[in-house]
Amino acid sequence: MNDPFDETLHDQPPDAGDEAPRDERSILLVIVAGSELDFGRHFVLEREETTIGRGDGCDIVVRDAKASKTHCAVAVILGSRGVERIEIRDLGTTNGTFVNGERTNRATLMAGDKVRVGDTVLQLRYGDGIEREYHARLFQLAARDALTGLYNKRFIANELENQARIARRSGRPLSVILADVDDFKQVNDRFGHLAGDEYLAGLAGLLARSLREQDIVGRVGGEEFLVVLPETALEGALQLAERIRQGAADFALSRGGEEIRATLSAGVGQYEPGMGDVKELLDLTDRAMYEAKRQGKNRTKA
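Residue numbers run consecutively from 1 along every chain, following the written order of its sequence. In keeping with the model being predicted, local features are shown solely for residues with a pLDDT of at least 70 and side-chain atom pairs are shown and tallied solely at 80 or more, while totals for entire chains, interfaces and linings include all residues. Working from all heavy atoms in the structure, the side-chain values ignore hydrogens and water.

A look at the nonpolar core
To form a nonpolar core, buried Ala, Val, Leu, Ile, Met, Phe, Trp, Tyr and Cys residues must be joined to one another through side-chain atoms within 4.5 Å. Buried means the residue's accessible area, taken with a 1.4 Å probe over protein chains only, is under 20% of the maximum for its type, while exposed means over 50%, and partly exposed covers the values in between. Membership of the largest hydrophobic core comes to 31 residues, with the highest contact counts inside it found for Ile177, Val181, Tyr199 and Leu203. Strands are runs of DSSP state E lasting at least 2 residues, helices are runs of H or I lasting at least 4, and numbering of each runs from the N terminus. Looking at this core, the elements with two or more residues in it are β12 (174–181), α3 (184–191), α4 (193–209), β14 (224–230), α5 (234–250) and β17 (264–270). Of all the elements, α4 adds the most residues to this core, at 7 residues. In this analysis, two residues are considered to be in contact whenever any of their non-hydrogen atoms come within 4.5 Å of each other. Other than its neighbours up to four places away in sequence, Tyr199 contacts Val181, Phe184, Ala248, Phe251, Leu253, Ile260 and Ala262.

Written as C-alpha cells, this is what we have:
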C-alpha cells in the first residue's frame, strides 16, 4: 500500500486524468513555521484564488504582526485536464512575499515549495483525506489539553499575547477571567482522581458552552481555567464570570449514586494600554481570584 504521507507521491498537481476525484486529493497549504498558535494548521485550496494575511477578511488568517492585512494571493489555474498550475502573487506589501527564501512579486508554486509571509511559513502539498486528517490531528494534539479538550496553557498564553497586541493597536477592550475550582482536593479525596478528572471534563464543557464564538478558554492548571475575552470591557467580563460561577454551582456529576458538586472562585481583569505586558494583567486577575477565595469562595472579584 502506498504511504499517503510520502511527498514523492504528490509531486504533480491532480488533474482530470487522475482516478481519484479532486475532493479526495487536495491542494494543501500547511503552516510549518511561525506562531505556535498556527503551527500545524492546514488549509485546502478550494477557491480559484485564496488570500493570505493577518486581516480578518482573508481566506487564510495568520497571527503574524509582520504580515500585511492582505499580504498575498494564491491562484489555482485550471486547464482542460484540471489544475494547470498554481501561482502566488504579492499584493504590494512592504515586507514582501518569499518563495523558498527568495522575494517575489509573482511565482509558480510546486509541491514542497515554502512561502514566507512575515515570520510565517506555509508549505504547498498535495494530499488525500488521510493526510488532511493527519494535519488536523497534529494541530489538535499541539493545542488541546488531553483531559478537557480545552486549549492548553501554552496555546492560550500565546493567544492572550496576540489579543493584547491587537488591543494595543486598535484601542479596543480586552478582558480575562481566571477561575479556580474551590476545594477540589476534597473531590479527589472523596471520590478518587478518576472521578475528579471526569468532573473537570464536564465542567470544561460547561465553560465552553458559556462563551461566544470569539472567546477562548483554556486549562492553565490542575483545576484552573483562563478565559480570554476580545473586545470585552470589564463590566461585560464580570457579568460573564458571574454566569459561569452560577453555572458551576448548579453543575453536578452523578457518580456511584452520589452527586459530585463544587464551586468556582473567579478573578476578572481588563487589559489597560499602560500595562507593560500580559503578565501584569494576569497578576492583577490572579490577585482578584484569591481575594474571592479569601472572602468565602464561590464568588467573582475584579
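Observations regarding unusual backbone geometry
Look at Asp183: it is not a glycine, yet its phi comes out positive at around 50°. With respect to the helices, strands and loops of the structure, Asp183 is situated in the loop between β12 and α3. Positioned with a positive phi, Asn298 is a non-glycine residue whose angle comes to about 55°. Turning to its location among the elements, Asn298 is positioned in the loop between α6 (278–294) and β18 (300–301). Residue classification places Asn298 among the partly exposed residues on the basis of a relative accessible area of 28%.

Regarding the packing of aromatic side chains
Think of it this way: a Phe, Tyr or Trp ring, Trp meaning its six-membered ring, pairs with another when their centres are within 6.5 Å, and the plane angle makes it stacked under 30 degrees, edge-to-face over 60, tilted otherwise. Evaluation of the coordinates by the stated rule reveals 3 aromatic pairs. Ring centres of Phe184 and Tyr199 lie 6.3 Å apart, and the angle between their planes is 35°; this geometry places the pair in the tilted category. Residue Phe184 is located in helix α3, and its partner Tyr199 is located in helix α4; the two are separated by 15 residues in the primary sequence. Pair check on accessibility: Phe184 and Tyr199 agree, each one buried. In this structure an aromatic cluster arises from ring pairing among Phe184, Tyr199 and Phe251. Over the ring of Phe98 we find Arg116, and its NZ or CZ is 4.1 Å from the ring centre. Charges are assigned to positions over rings by a cutoff of 6 Å between ring centre and Lys NZ or Arg CZ, combined with an angular limit of 35 degrees from the ring normal. Over the face of the ring belonging to Tyr151 we find Arg144, whose NZ or CZ atom lies 3.9 Å from the ring centre.

Some details on the confidence of the model for the protein chain
Per-residue confidence from the predictor is reported as pLDDT, which spans 0 to 100. For the protein chain, per-residue confidence averages 85 on the pLDDT scale, and 86% of positions sit at 70 or higher. Scored below 50 in pLDDT, residues 1–23 makes 39 contacts in the model with residues more than four places away or belonging to other chains.

What about the state of the cysteines?
Two cysteines, two sulfur atoms, one covalent bond between them: this is a disulfide. The definition used for a disulfide is geometric: two cysteine sulfur atoms within 2.5 Å. In the structure shown here, the tally under the stated rule is 0 disulfides. Cys58 forms no disulfide, and the closest cysteine sulfur to it belongs to Cys72, at a distance of 8.5 Å. Residue Cys58 is classed as buried on the basis of its relative accessible area of 7%.

Section: the packing of helix α2 (residues 153–170) against α6
In contact at an axis separation of 10 Å, α2 and α6 are set at 110° when each is read in the N-to-C sense. Comparing their axes, α6 and α2 come out roughly perpendicular. By crossing handedness, the relation of α2 to α6 is classed as right-handed. Residues Leu160, Glu161 and Ala164 of α2 form the contact with α6, whose own contacting residues are Val278, Leu281 and Leu282. We call Asp, Glu, Lys and Arg charged. Ala, Val, Leu, Ile, Met, Phe, Trp, Tyr, Cys and Pro are nonpolar, and the rest, Gly among them, are polar. Of the residues assigned to the contact of α2 with α6, the class counts are 5 nonpolar, no polar and 1 charged. Angles run from 0 to 180 degrees between N-to-C directions of axes, and those axes are lines fitted to C-alpha atoms, restricted for helices to the stretch in contact. To sort the angles, those under 35 degrees are grouped as roughly parallel, those over 145 as roughly antiparallel, those from 65 to 115 as roughly perpendicular, and the leftovers as oblique. Rotating anticlockwise by less than a right angle from the far helix to the near helix defines a left-handed crossing, while the corresponding clockwise rotation defines a right-handed one.

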